[in-house]
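So the chains spell out like this:
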Amino acid sequence: MSILPGALRRWGLTFIRFMVTWEALEHSGPGQYDTEYLTYLRAILSLLPQFGMTAFVSMHQDVWSRFSGGSGAPAWTLELAGFDLTALEETGAAYIGGVKVPGVEVDRGRWPTGYQKLACSTMNTLFWAGETFAPKVLVDRNGEKVNVQTFLQDAFLDCYDRLVTGLKGVEGIVGFEILNEPHAGYIGLPSMHEFDYNTDLHLNDIPSALQSFMLGAGYPTLVPHWTRSFPMPTRLTSRNMRNIKGRKVWREDGPTAGQCIWESHGVWGYDNVKKEGVVLKETYFTRRPSDGGAVNWYTDCWYPFVTRWAERVRSIAGEDKIVFAEGIPNEFCPRSWTPDKRPANMVFAPHWYDLNALFAKAFSRLSINVQGLSRGLPVWKAFYWGHKSARENYALQLKNIVEEGYKSLGENPVLIGET
């Protein structure tokens, strides 16, 4: 067991980000925790001081769950919302080629497109704002009907409590990170007809929100298909009919009795005469349906949850523990994250990647300032050629992240959590 920390220390590492997943802790069902795994985690992390190392523990996720193409939440969370796990791929509700065994991934680096697909976008929307946007989605909790948001958030926090309790007193742990690369789902989406090319990866099949709703509801749908290109990373090359067999992703025994959650809330409908989906509430996810007030994911969802989580962590682990949090990937730290909206002693822990290398799964003589491109920088100004220019590009983007963090948070510690 000491081989792992010993190897890391020989490589020169003294401080690590140790990742766990919600699924690993609570895979069998709500409230059923894997105590053997918790014992294993404690044994591993207890070794760190012997090697002069410390760590912070991070709850990891990508694309919501392993079952929707990434990692993170247990399968039962998707089933709770009414998804049929066996139909996610066929209905285009998720891209799971990157997590299949054996691997069958087509277009390496395609997995982030899962964030815009039905399963991940719906689950994130339900988790953060189910009470606002899906008030009809009620699930059973010990004989009581509660909104799916309440169930999911309470389950996540209860699971995190169990994690912190299991690691309490371990000398090498300096703190905890709430969640890897959070995502807003559909919250704030301005249009049901397209996603933003500058911020959302367009590669292979990229159905719009409306097209995803139709596919999930069992309607064969023409979907735009994007391929790699230059100088822009991808271009639209075709439109292909998907879900030809008309399979539904919603289970009849789910909380909406087999109907698309968003159809049940009047967001869209199907015109049986024209044989096409129709958007009924184009800006549904930008304003509270109850009173029309504008919705902001950070101020309405993220900040309150981070504060709630931090209070629970410190009530168990102690007030001296550092808490780590970030924003949505590739977004600068928002100015609205004022001291009254964040925990004390918080480290801002954003991520940064050479997205061109990540996209191609290889380094080349070309590096691209994707950070600038997503903010309107002309393409010809975003290209950096050669190793020296790549270093300049990397330094510029990392500098921007740190400086924007300071502008928003003051002289608050900034740690690049992934790169």
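Above this text you will find the structure in question.
Residues numbered from 1 in each chain as written. Predicted model: local features only at pLDDT ≥ 70, side-chain atom pairs only at ≥ 80, totals over all residues. Heavy atoms only, no water.

Visitor: Sorry, what's going on with empty space enclosed by the protein here?
Guide: Empty space among the atoms becomes apparent when a probe as large as a water molecule is rolled across them. For the structure on display, the rule yields 1 cavity of 30 Å³ or more. Each pocket or cavity is described by its volume, and for the largest cavity that value is around 130 Å³. Top element by residues in the lining of the largest cavity is helix H5 (residues 118-133). It accounts for 3 residues. For the lining of the largest cavity, the class distribution of residues is 9 nonpolar, 5 polar and no charged. (1 Å grid on protein atoms, 1.4 Å probe; cavity = no way out; pocket = protein on both sides within 12 Å on 5 of 7 lines; lining within 4 Å. Points joined across faces, edges and corners; volume = space filled by probe spheres on them. Helix = DSSP H or I, 4+ residues; strand = E, 2+ residues; numbered from the N terminus. Nonpolar A, V, L, I, M, F, W, Y, C, P; charged D, E, K, R; others polar.)

Visitor: Help me out: how do you make sense of the sheet that holds strand E11 (residues 322-325) in this one?
Guide: For sheets, the rule is that strands pair by backbone hydrogen bonds, running either parallel or antiparallel. Taken in spatial order, the 5 strands line up as E1-E2-E5-E11-E12 in an open sheet, and their pairing is parallel. Of all strands in the sheet, those bounded by a partner on one side alone are strand E1 (15-21) and strand E12 (346-348). Strand-to-strand, the axes of this sheet are offset by a mean angle of 30°, without reference to chain direction. Where E11 lies against E12, 3 bridges are found, and the strand directions are parallel. Among the inter-strand pairings, Phe-324 is bridged to a residue of E12, identified as Val-347. (Pairing = 2+ DSSP bridges. Axes fitted to C-alpha atoms, helices over the stretch in contact; angles between N-to-C directions.)

Visitor: Looking at this structure, how should I read the packing of H5 against helix H6 (residues 148-167)?
Guide: To describe two helices that pack against each other, one gives the angle between their axes and the distance between the axes. Contact geometry of H5 with H6 gives a least axis separation of 7 Å together with a crossing angle of 120°. With respect to each other, H5 and H6 are oriented oblique. In this structure, H5 meets H6 at a crossing whose hand is left-handed. Packed against H5, whose contacting residues are Met-123, Leu-126, Phe-127, Trp-128, Ala-129, Gly-130, Glu-131 and Thr-132, the element H6 presents Val-148, Gln-149, Thr-150, Leu-152, Gln-153 and Phe-156 at the interface. Taken together, the residues of the contact of H5 with H6 break down into 8 nonpolar, 5 polar and 1 charged. (Parallel < 35°, antiparallel > 145°, perpendicular 65-115°, else oblique. Left-handed = near helix turned anticlockwise from the far one by under 90°. Contact = heavy atoms within 4.5 Å.)

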